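# Structural description and commentary
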Amino acid sequence: MFRASVACICLLLPAALFARDINLDELYFRKDSLRAQRLAIQKLDTYQSVQAHLVDRNIVFAGWLSGSELFYIQEVPGLATNILFLYNVDRQRRTERVRIPGIVTAVRASSDGSFLALKRLIHRNDVVPSGETVIYSLRTGKTDILPTPTGFLDFDIPTGEPVLVYETSAGITEYRPDNGSTRLIMEKRRYADTAVPGGTTMAFLSPDRRNTLVISGGGGNYSARLYGGRTSLPVSGISSASETFWLNAHTFAFRSGAPGGFSVRRYDVRSRTAVTLLSSSLNTSLGYSPHSATLSFLNDQVICLHSVRDGKTMLTGIEGEDVSLSPPGNRFISIFNKRLFIVNIELVKKNELLMRRSWTAILTAYRELALEKRYWENEYSLDYIRRKIRLYTSLIDG
């Protein structure tokens, strides 16, 4: 019942929302609930408990570029304009680089930090906004715009390669922003049986380029197939192309499941088997930081960090979105309520006692909201409250 209910709620929300900061509490509690309003403050207290650094507000996307530099996109309220900033972590100084009109729905950075590629919806001459890919060179400041059929993510940037990989009429194509050259890397007839009519098709190249994962579809309904040499095999369970990442030459991670019960899985090409890293979450916001070899995902909004090298997962106890780790892997950034924070992982480990106080306050608030039915936003709010109570109870119990 709960899975179906979440699916119904998600269908009522604009698609652009799912690429941006999500506050699950706002979906299940009325806006006039003072207790629900205080929840956001109590969750911000967890950031204070670990001495997190507040970078800026009204942030919709962010990512780490180097050991001391990150980027973020600040939305200008009411103007449909976004400002790209670079931020020096050591000097705590920001630099405005470019203003981008429209609604930004997705952002990817090249692993060498040479460019950013953004998806946006923008009104030109048509009533319906059109989709575009905006490529901004961080080295030259040059902006290129590629017209595309969708305003949502339809490309990938392979690890270690300063290129975009996306589908054209001829097939899977590689584009080099530095010189504008293109190269066909897979003809459409090769993956014709995988392509879903009317869906978006994306290709993900393994770091050694020996395997290509092709995913086609939309709205959680995807077809996926792994191509290597002259052979290919289907991959089942993928429910989000935008939450799929190669971890190394023989392993990739992806989101599986359906609304109300998403999971995170890790697939090994050699054994053709998948293991589950997270079994059930309302949203996952799966991301990968290649320099530190760390997967980030959400357990009902709480940030989890999974080390690809040792296979261990850390439940941080902090809620947020759009997580990205520094190249050394000792810090991460996250967005909560459109605020961008820098968090030192060592301080998360050292300040568990202070965090427990915040977790206890949050748990108490959810238990009280369970008794205040008049502030529930819909008939599924109690199921949501119970999930949060279980989660924060487990954090406190250790």
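This structure is a prediction, so every number in the text was calculated from the model and none was measured.

### Some remarks on the pairing of strand E12 (residues 171–176)
- With respect to burial, E12 is a largely interior element, five of its six residues being buried.
- Relative to E12, strand E11 (residues 164–167) is paired through four bridges, and the arrangement is antiparallel. Pairing of Leu164 across the sheet is with Tyr175, part of E12.
- Hairpin connection from E11 to E12: three residues lie between these consecutive antiparallel strands.
- The pairing of E12 with strand E13 (residues 181–187) spans six bridges and is classified as antiparallel. Pairing of Thr173 across the sheet is with Leu184, part of E13.
- Here E12 folds back onto E13, and the loop between the two strands holds four residues, one of which, Gly180, carries a positive phi near 80°.

### A short note on unusual backbone geometry
- For Gln92, which is not glycine, the phi dihedral falls at a positive 50°.
- With respect to the helices and strands, Gln92 occurs in the loop between strand E4 (81–88) and strand E5 (93–101).
- The residue Lys338 is not glycine, and still its phi comes out positive at about 65°.
- Tracing the sequence through the fold places Lys338 in the loop between strand E27 (331–336) and strand E28 (339–344).
- For Lys338, a relative accessible area of 33% translates into the label partly exposed.

### With respect to the confidence of the model for the chain
- Taken as a whole, the chain shows an average pLDDT of 93; of its residues, 95% reach a score of 70 or greater.
- Across residues 1–19 the pLDDT falls below 50, and counting only partners more than four positions away or on other chains, this stretch makes 31 contacts in the model.

### Topic: the pairing of strand E24 (residues 302–307)
- Along E24, six of the six residues are buried, which leaves the element largely enclosed by surrounding structure.
- Burial along E24 is two-sided: Val302, Cys304 and His306 and Ile303, Leu305 and Ser307, pointing in opposite directions, are all buried.
- Two elements, strand E23 (residues 294–299) and E24, share six bridges in a ladder whose sense is antiparallel. Bridging from a neighbouring strand, Ser296 pairs with Leu305 of E24.
- The antiparallel pairing of E23 with E24 creates a hairpin that spans two residues between the two strands, and Asp300 there sits at a positive phi of about 50°.
- Bridging between E24 and strand E25 (residues 313–319) involves four bridges; their strand directions are antiparallel. Of the residues in E25, the one forming a bridge with Cys304 is Leu315.

### Examining the sheet that holds strand E26 (residues 321–325)
- Judged by pairing direction, the sheet is antiparallel, and its four strands sit side by side in the order E1-E28-E27-E26 without closing on themselves. The sheet terminates laterally at strand E1 (53–56) and E26, the two strands that pair on one side only. Taking the axes of each pair of neighbouring strands and ignoring which way they run, one obtains an average angle of 25° across the sheet.
- By the bridge criterion, six bridges tie E27 to E28 in an arrangement that is antiparallel. Each residue of the ladder has a partner; that of Arg331, found in E28, is Asn344.
- Across the face of the sheet, helix H3 (residues 34–49) comes into contact with E27 and E28 while running at roughly 170° to E27.

### What to know about the pattern of salt bridges
- Counted according to the given criterion, the structure contains 23 salt bridges.
- A salt bridge links Glu368 to Arg35; its shortest N-O distance comes to 2.4 Å. Of the two residues, Glu368 is situated in helix H5 (residues 352–369) and Arg35 in helix H3; the sequence distance between them amounts to 333 residues.
- Judged by relative accessible area, which is 31%, Glu368 ranks as partly exposed.
- Between Asp112 and Arg139 there is a salt bridge, with its nearest N and O atoms 3.8 Å apart. With Asp112 in the loop between strand E6 (103–109) and strand E7 (115–122) and Arg139 in the loop between strand E8 (130–137) and strand E9 (143–148), this pair connects stretches of sequence that are 27 residues apart.
- Among the charged side chains, a salt-bridge network with shared partners connects Asp25, Lys43, Glu319 and Lys388.

### Let's talk about the packing of H5 against helix H6 (residues 381–397)
- Their axes nearest at 9 Å, the elements H5 and H6 cross at an angle of 155°. Considering the angle they form, H5 stands roughly antiparallel to H6. In this structure, H5 crosses over H6, and the sense of that crossing is left-handed. Mapping the contact onto sequence places Arg356, Trp359, Thr360, Ile362, Leu363, Tyr366, Arg367 and Leu369 in H5 and Tyr384, Ile385, Lys388, Ile389, Tyr392, Thr393, Leu395, Ile396 and Asp397 in H6.
- Looking at the contact of H5 with H6, its residues break down into 11 nonpolar, two polar and four charged.

### A short note on the environment of Phe332
- Secondary-structure assignment places Phe332 in strand E27.
- Placed 298 residues apart in sequence, Phe332 and Leu34 show a C-alpha to C-alpha distance of 31 Å.
- When sequence neighbours within four positions are dropped, the list of residues in contact with Phe332 reads Trp64, Ile303, Leu305, Thr316, Ile318, Val323, Ser324, Leu325, Phe341, Ile342, Val343 and Ile345.

### Here's the deal with the sheet that holds strand E21 (residues 273–281)
- Across the sheet, four strands lie side by side as E18-E19-E20-E21; this open sheet has antiparallel pairing. On the outer flanks of this sheet lie strand E18 (244–248) and E21, each paired with one strand and no other. Geometrically, the sheet is characterised by an average inter-axis angle of 25° between neighbouring strands, direction not taken into account.
- Looking at chain direction, strand E20 (residues 261–268) and E21 are connected through six bridges and run antiparallel. Across the sheet, the residue bridging to Asp268 is Thr273, located in E21.

### What to know about the environment of Gly67
- Looking at the secondary structure, you find Gly67 in the loop between strand E2 (59–64) and strand E3 (69–76).
- When its relative accessible area of 34% is taken as the criterion, Gly67 is described as partly exposed.
- Between the C-alpha atoms of Gly67 and Ala109, which are 42 residues apart in sequence, the distance is 15 Å.
- Residues within four places of Gly67 in sequence aside, it is in contact with Pro327 and Arg331.

Basis of the calculations
Residues numbered from 1 in each chain as written. Predicted model: local features only at pLDDT ≥ 70, side-chain atom pairs only at ≥ 80, totals over all residues. Heavy atoms only, no water. Buried < 20%, exposed > 50% of the residue type's maximum accessible area, 1.4 Å probe, protein only. Helix = DSSP H or I, 4+ residues; strand = E, 2+ residues; numbered from the N terminus. Pairing = 2+ DSSP bridges. pLDDT = per-residue confidence, 0-100. Contact = heavy atoms within 4.5 Å. Axes fitted to C-alpha atoms, helices over the stretch in contact; angles between N-to-C directions. Salt bridge = Lys/Arg side-chain N within 4 Å of Asp/Glu carboxyl O. Parallel < 35°, antiparallel > 145°, perpendicular 65-115°, else oblique. Left-handed = near helix turned anticlockwise from the far one by under 90°. Nonpolar A, V, L, I, M, F, W, Y, C, P; charged D, E, K, R; others polar.

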